[in-house]
Amino acid sequence: MLAAIKGVTSFIGRVKSSSNALEEETKVKQELARVRRKLANKGLSGTNRKKCIWKLIYITMIGYDVDFGQTEAAFLVNSGEFMEKVAGYVSISILFDNTSANQLEFAINSIKSDLMSDLHPVRSIVLATLANSPFDIFIEKLGSVIIQIAFEETSRSSSIQKKALTCLSSFLRKDPKLYQEQWVEKARRLVEKPDIGVALAAAIFIESCIKVKGSTKLVGVARPIISIIKKLIEQNSMYSHEYIYYGTLCPWLQVKLLKLLQLFPFPEDEDDAVLIQKCILSVLTKTDIGPNINKNNSDHSILFEAINLTLHYGQHVTSSTYAKALEILNRYIGVREPNIRYLALESMARMKDRPEAASALGKVKNLVLISLRDGDPSIRKRALDVLFSLCTKEFATSIVEDLLDYLTEKDPYLKEELVLKIALIAEKFGDSIYWYIDVTIRMLQVAGSHMSNDVWYRIAQILTGFEGTELDFDIQNYAAAKVLNLSLIHISEPTRPLYISYAVFCLKKKKKKK
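Residues numbered from 1 in each chain as written. Predicted model: local features only at pLDDT ≥ 70, side-chain atom pairs only at ≥ 80, totals over all residues. Heavy atoms only, no water.

Quick notes on helix α20 (residues 393–407)
If you check α20, its first and last C-alpha atoms are 21 Å apart, about what 15 residues at 1.5 Å a residue would give, namely 21 Å. Where the residues of α20 are buried, they touch α18 (355–372), α19 (377–389), α21 (415–429) and α22 (433–447). (Helix = DSSP H or I, 4+ residues; strand = E, 2+ residues; numbered from the N terminus. Expected span 1.5 Å × (residues − 1). Contact = heavy atoms within 4.5 Å.)

Listed below in structure tokens is the structure:
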């Protein structure tokens, strides 16, 4: 678009050729001064006004403040020339905010006329602009027109209808008072349309409605969503084959609908409950890792949303479905593909409420420990979450030992969280308070200043005793001796003052006992 506007492209070239920031700023300020003088000319042609506005748009996009030109940009919206109109609409998203949008008051009638235009490109750019710029003046003056386009029973264009639904979603998020009860039934009918583009836009709109009003009033929408998921998984012939992506029918819609169901409770209707579990099991059963990366990405996006839905339904899901999901996660934790491994670890960490997941930890613990040493810090964090979430009394000692070993390695990204989780596991599952003290002392020795105050306060509680209970002086002496010995071992280290402060506290407690 800009390639055809000679003055704009030459200006962009001059800015890009700057050798430093000061030179760039000088060129930008000089151009702003020239643009300001040109826009002050009442007889400026539409073409030259368009060039000036494109320059202001570019200057704003590279990070400079522009405090003029909004009125002139609004004039372009009224233009009868398409390219001038485009510049005007693009400027609305870049040069205006909710306050300065009041300068568009005189252009509202033109915008409304463009919304009802027979020209598809004009309607498209208007709807895209309004969706990106849900200003109060647009919601107030144009909201009714957008609603009308969004819910047309016989829309002239499905692409225009889905843009209108997206725009209405944006308006609704900005102003929840715009919501109307009758939208529920209308949205339900749109979700059931064979046009996948409209169905996807309707799903996004329903998601916005739920976030504004909650799922209770829209629970009736869950049934058609389940029905559509079934048709998509079965590749029903009612949908056009142009939506098939590497053998999967519209994966992006399947993902959106599975995410949408996670906003609703488990279906009360028995038939719906059986159907959605069959759909989940079908996805879990047929998905595997293949040689094609694009197919893997699309299929696994559906797979992990199906697993997320399984976790969302919790105890309502049959044990066979849950077991299949767990089997997949156990396998995927060890794959080389980092994205799949990350998602598998994240999902497994959320399975802490199921006994099957805890018992499975013994089979995959070594694989999780490998991920704990992965080069990607986000994968390391997810691996730590798995060990912490699924830890039971059976595995507590070995997990604590493994984590203490890992604590000696240099990982500043996880060190503080690692210390806290080791302490929590030791406190929750430890058979002996002496073992807990030993673990804490070892953490102090390795972690030093990375050890949070929460862990130290717990040791302090042991030394001072708990309210309403008798102080155990043997435990107090044991802890004090350990900390004092630690402070002497690390006498030459930079963290020595920290250890000594702990030791002084312990000695004070011993002195009080005597």
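Comments concerning the side chain of R123
Turning to its location among the elements, R123 is positioned in helix α7 (residues 120–132). No salt bridge forms around the buried R123; measuring N to O, its nearest opposite-charge neighbour E152 is 5.0 Å away. What R123 contacts, discounting residues up to four positions off in sequence, is D114, L115, M116, S117, I149, R156 and I160. (Buried < 20%, exposed > 50% of the residue type's maximum accessible area, 1.4 Å probe, protein only. Lys, Arg positive; Asp, Glu negative; His and termini not counted. Salt bridge = Lys/Arg side-chain N within 4 Å of Asp/Glu carboxyl O.)

A closer look at empty space enclosed by the protein
Under the definition given, this model contains one cavity of 30 Å³ or more. Approximately 30 Å³ is the volume found for the largest cavity. Taken together, I229, I233, L258, I276, C279, I280, V283 and A306 form the lining of the largest cavity. Looking at the lining of the largest cavity, the elements that each hand over two or more residues are α12 (222–233) and α14 (270–286). The greatest single-element share of the lining of the largest cavity, amounting to four residues, is contributed by α14. For the lining of the largest cavity, a count of residues per class yields eight nonpolar, no polar and no charged. (1 Å grid on protein atoms, 1.4 Å probe; cavity = no way out; pocket = protein on both sides within 12 Å on 5 of 7 lines; lining within 4 Å. Points joined across faces, edges and corners; volume = space filled by probe spheres on them. Nonpolar A, V, L, I, M, F, W, Y, C, P; charged D, E, K, R; others polar.)

With respect to the packing of aromatic side chains
Overall, the coordinates contain 11 aromatic pairs when judged by the stated rule. Measuring from centroid to centroid gives 4.9 Å for F266 and Y313, while their planes differ by 85°, and the two rings are edge-to-face. One end of the pair, F266, is in the loop between α13 (251–261) and α14; the other, Y313, is in helix α15 (residues 293–313), with 47 residues separating them in the sequence. For Y313, a relative accessible area of 3% translates into the label buried. The rings of F151, Y179, W183 and F205 are connected pair by pair, giving a single aromatic cluster. Its end group placed over the ring of F68, R36 keeps NZ or CZ at 4.1 Å from the ring centre. (Phe/Tyr/Trp six-rings, centres within 6.5 Å; stacked < 30°, edge-to-face > 60°. Lys NZ or Arg CZ within 6 Å of the ring centre and 35° of its normal.)

Brief notes about the pattern of salt bridges
Here the structure, examined in full by the defined rule, presents 31 salt bridges. Two residues, E31 and R14, come together in a salt bridge whose shortest N-O distance is 3.0 Å. With E31 in helix α2 (residues 21–39) and R14 in helix α1 (residues 6–16), this pair connects stretches of sequence that are 17 residues apart. Judged by relative accessible area, which is 3%, E31 ranks as buried. Of the charged contacts in the structure, one is a salt bridge between D431 and K393, with a shortest N-O distance of 2.5 Å. Remark: K393 occurs in helix α20 and D431 occurs in the loop between α21 and α22; sequence separation between them is 38 residues.

Comments concerning the packing of α21 against α22
Between α21 and α22, whose axes approach to 9 Å, the crossing angle comes to 170°. Looking at the two axes, α21 sits roughly antiparallel to α22. Facing K415, V419, I422, A423, A426 and E427 of α21, the residues of α22 in contact are W435, Y436, V439, M443, V446 and A447. For the contact of α21 with α22, the class distribution of residues is 10 nonpolar, no polar and two charged. (Axes fitted to C-alpha atoms, helices over the stretch in contact; angles between N-to-C directions. Parallel < 35°, antiparallel > 145°, perpendicular 65-115°, else oblique.)

Comments concerning helix α9 (residues 158–174)
Here α9 contains 17 residues, and its C-alpha end-to-end distance of 25 Å stays within 8% of the 24 Å for a straight helix at 1.5 Å per residue. Along its buried surface, α9 packs onto α7, α8 (136–150), α10 (183–191) and α11 (196–213).

Description of the packing of α18 against α20
Where α18 contacts α20, the two axes come as close as 12 Å, and the packing angle between them is 5°. Overall, the two elements α18 and α20 adopt an arrangement that is roughly parallel. In contact with A358, L361, G362, K365, L369 and L372 of α18, α20 contributes F395, S398, I399, D402, L403 and Y406. Considered class by class, the residues forming the contact of α18 with α20 number eight nonpolar, two polar and two charged.

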